[in-house]
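# Survey of secondary and tertiary structure
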Amino acid sequence: MSVGSYPKMDHYLIFKRKDADTVEVSNEIYEMEWEMDIEVARFLHALDGETDPYRISSYMSREEVDQLLEVLEDEWLLADDDKIIPLGFGTALIPLWTPKITRWYRLIGSLWNKILLFCWIPVFICGIWIFLMQDWNESWNALGIVALYLIIIVGVILHELSHIAACLSYGGRFYEFGIMTYYFFPGAYVMITFDNVKKRMKRVQILAAGIESNVLLAGVCLCLLKTGWINTTALLYGAFVNVLLAVGNCSLIEGLDGMGICEELLGKGFLKKVKLLLKDSRGRARLRKRGINGEITIIACYLIVILQILLPIFILINLVEFFNVFSHYQK
């Protein structure tokens, strides 16, 4: 083995001492758990990819180390060397950043999360007010096109980093940041867990932080219209795309923030229950007997199903229109 190619423990692992001789090891991402002897746990924890495994423990022979490494690999306790993780047709993850979380990361995360909480609505409202004050018309130029692409990239990255910031701010765990393809559509992703965050509204805000960041960035773009520093057309389209990203992530589609937020507020599997209720005429009749609360519940169920269908179509139509107009300006 050459230096830098030594075995490395999976960075999703969490170690918790059970008693004097036993350690509980868990992988929260894939929901797996193991119990192991404390010496084995120390050996596993020392596998950082740079340390020679044969030098970690003085009482183990090379054969014993080889056997232990083989067992750890079979139990999915070692990191995979693959740089691309395939997840199905046109879907794959490419990890880019797996930091060791320190106190400074949590402080920075807490600061950015407070900025989001207190600024995303006021900044966006201020940006709308500036936008409505006068007509904005400026032709495209090369710098404007570059600025638009940069705004879109920043919006995507900031969305994911804001999830990380909120998660760390409330005591959750961050494991990994990377880029991905989802049925061949490019994007970014983060691996976070926040099951240890007990307050429901804090968990909701972790899920909503990405949406908040896109609205905040849209507001910043609109506020910058007044300065003349950046091409106004690029700023307008940049704000538009970030609003679309925010609205799109509110969709009730598995994997998007809107679904996660609704599941936190309404419970896991709420969408299935909504569809079953709308098919159940007796269930609707029982709800109507409860008066206004029952009627509101039924209306909300219909709205949830309608939005699940119409919102993605609305986003797609607007994206197509955006690219048509953008390509027209480039000619």
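Residues numbered from 1 in each chain as written. Predicted model: local features only at pLDDT ≥ 70, side-chain atom pairs only at ≥ 80, totals over all residues. Heavy atoms only, no water.

### A closer look at the overall build of the chain
- Per the secondary structure count, the chain includes 10 helices and seven strands.
- Taking the intrachain contacts of the chain between residues at least 6 apart in sequence as the baseline, contacts between residues at least 24 apart amount to 64%.
- Total accessible area computed for the chain in this model is approximately 20200 Å², and 63% of it derives from carbon and sulfur atoms. (Helix = DSSP H or I, 4+ residues; strand = E, 2+ residues; numbered from the N terminus. Contact = heavy atoms within 4.5 Å. Areas by Shrake-Rupley, 256 points an atom, 1.4 Å probe, with all protein chains shown as cover.)

### A look at the packing of helix α5 (residues 200-223) against helix α7 (residues 257-266)
- Between α5 and α7, whose axes approach to 9 Å, the crossing angle comes to 170 degrees. The orientation of α5 relative to α7 falls into the category roughly antiparallel. Touching R200, M201, R203, V204, L207, A208 and I211 of α5 are D257, G260, I261, E264 and L265, all from α7.
- Looking at the contact of α5 with α7, its residues break down into seven nonpolar, one polar and four charged. (Axes fitted to C-alpha atoms, helices over the stretch in contact; angles between N-to-C directions. Parallel < 35°, antiparallel > 145°, perpendicular 65-115°, else oblique. Nonpolar A, V, L, I, M, F, W, Y, C, P; charged D, E, K, R; others polar.)

### Considering the pairing of strand β2 (residues 22-27)
- With five of six residues buried, β2 lies mostly within the body of the structure.
- Pairing of strand β1 (residues 13-17) with β2 involves five bridges; the strand directions are antiparallel. Of the residues in β2, the one forming a bridge with K16 is E24.
- As consecutive antiparallel partners, β1 and β2 are separated by four residues.
- The pairing of β2 with strand β3 (residues 32-37) spans six bridges and is classified as antiparallel. Among the inter-strand pairings, S26 is bridged to a residue of β3, identified as E33. (Buried < 20%, exposed > 50% of the residue type's maximum accessible area, 1.4 Å probe, protein only. Pairing = 2+ DSSP bridges.)

### Side note on α5
- Compared with the 34 Å implied by 1.5 Å per residue over 24 residues, the 33 Å span of α5 between its first and last C-alpha is a close match.
- For α5, the principal kink sits at A208 and spans about 45 degrees.
- Among the 24 residues in α5, 19 count as buried, and that is most of the element. (Expected span 1.5 Å × (residues − 1). Bend = angle between axes of the 7 residues up to and from the residue.)

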